[in-house]
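Each chain, written out:
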Amino acid sequence: MLDAPRGACYPSPVATPPPYETISEREIVTGRALAAVAYLPGLFVIGLLDAPRNRFIRFHARQGLVLFLAEAAAFVAILIVEGSLGRIPILGLVVGAVLRLIAGLLFLAVALYGIAKALSGETLRANGAALF
């Protein structure tokens with residue numbers, strides 16, 4: 001609404017709920033397994049192919065896509081670091097191994113968390129909003 005004396009705009013409440021707030025129980029029950037598979041590297045594509053029919057699978061397939069892109073970016077960054085530090089005989093080997101271990105464990109933990117949430121029928125939230 002426009003406040004005429006001060007000329008400021010105030011936000012009005014949104015009448016429609018966010019798209020993932022209205023996912024039916026039937027969509028959740030039928031899509032749990034495929035939503036969980038979406039967090040495995042590269043298998044989010046299967047969920048995206050089924051996305052037009054099931055919003056629960058679509059949500060988790062998109063999350064799986066974001067996770068896959070983050071994994072790819074992290075491992076490209078690790079390859080760049082290894083390429084530059086890899087010329088140092090012992091330091092390059094140790095730094096590369098540690099970075100790969102940390103990134104691998106981190107992405108494994110995030111994927112397992114997403115799988116657990118998908119199997120329990122939940123959608124992941126960050127401050128009340130969908131992550132993607």
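Below is a short write-up of the structure. No experiment lies behind these values; they were computed from the predicted model shown. (Residues numbered from 1 in each chain as written. Predicted model: local features only at pLDDT ≥ 70, side-chain atom pairs only at ≥ 80, totals over all residues. Heavy atoms only, no water.)

### Some points on the overall build of the protein chain
Assigned secondary structure in the protein chain consists of 4 helices and 4 strands. Written out in order from the N terminus, the α and β elements of the protein chain read β-β-α-α-α-α-β-β. A buried classification covers 29% of the 132 residues belonging to the protein chain. Relative to all contacts within the protein chain whose residues are 6 or more apart in sequence, the contacts with residues 24 or more apart total 62%. Just so you have it, the protein chain exposes about 8,600 Å², and 72% of that area is on carbon and sulfur atoms. (Helix = DSSP H or I, 4+ residues; strand = E, 2+ residues; numbered from the N terminus. Buried < 20%, exposed > 50% of the residue type's maximum accessible area, 1.4 Å probe, protein only. Contact = heavy atoms within 4.5 Å. Areas by Shrake-Rupley, 256 points an atom, 1.4 Å probe, with all protein chains shown as cover.)

### Re the pattern of salt bridges
By the definition in use, this model includes 3 salt bridges. Two residues, R100 and E82, come together in a salt bridge whose shortest N-O distance is 3.1 Å. With R100 in helix α4 (residues 89–120) and E82 in helix α3 (residues 55–85), this residue pair connects regions lying 18 residues apart in the sequence. Among the residues examined, E82 registers a relative accessible area of 23% and is labelled partly exposed. Between E122 and K117 there is a salt bridge; the shortest N-O distance is 3.0 Å. Relative accessible area serves as the criterion here: at 36%, E122 is assigned to the partly exposed category. (Salt bridge = Lys/Arg side-chain N within 4 Å of Asp/Glu carboxyl O.)

### Section: the environment of E71
Along the chain, E71 turns up in helix α3. Taking the C-alpha atoms as reference, E71 lies 10.0 Å from L108; in sequence the two are 37 residues apart. Filtering out sequence-adjacent residues up to four positions away, E71 remains in contact with P41 and F107.

### Considering the nonpolar core
Among the nonpolar cores identified, the biggest contains 14 residues, and Y39, F56, L67, F107 and A118 are the most heavily contacted of them. Elements represented by at least two residues in this core include exactly α1 (25–37), α3 and α4. It is α4 that provides the largest number of residues to this core, a total of 5 residues. (Core = buried A, V, L, I, M, F, W, Y, C linked by side-chain atoms within 4.5 Å.)

### Looking at the side chain of T123
Here T123 is to be found in the loop between α4 and β3 (125–126). Residue classification places T123 among the buried positions, given a relative accessible area of 18%.

### Looking at α4
The end-to-end C-alpha distance of α4 is 47 Å, a good match for the 46 Å that 32 residues give at a rise of 1.5 Å each. Regarding α4, the residues found buried are G92, G96, A103, F107, A111, G114, I115, K117 and A118. Those residues of α4 that are buried are in contact with α1 and α3. Phi turns positive one or two residues past the end of α4, at G121, with a value near 85 degrees. (Expected span 1.5 Å × (residues − 1).)

### Some words on the packing of aromatic side chains
Overall, the coordinates contain 2 aromatic pairs when judged by the stated rule. Between F44 and F68, the ring centres sit 5.4 Å apart and the planes meet at 45 degrees, which makes this aromatic pair tilted. Residue F44 is found in helix α2 (residues 44–49), and its partner F68 is found in helix α3; the two are separated by 24 residues along the sequence. According to the relative accessible area criterion, F44 is buried, its value standing at 9%. (Phe/Tyr/Trp six-rings, centres within 6.5 Å; stacked < 30°, edge-to-face > 60°.)

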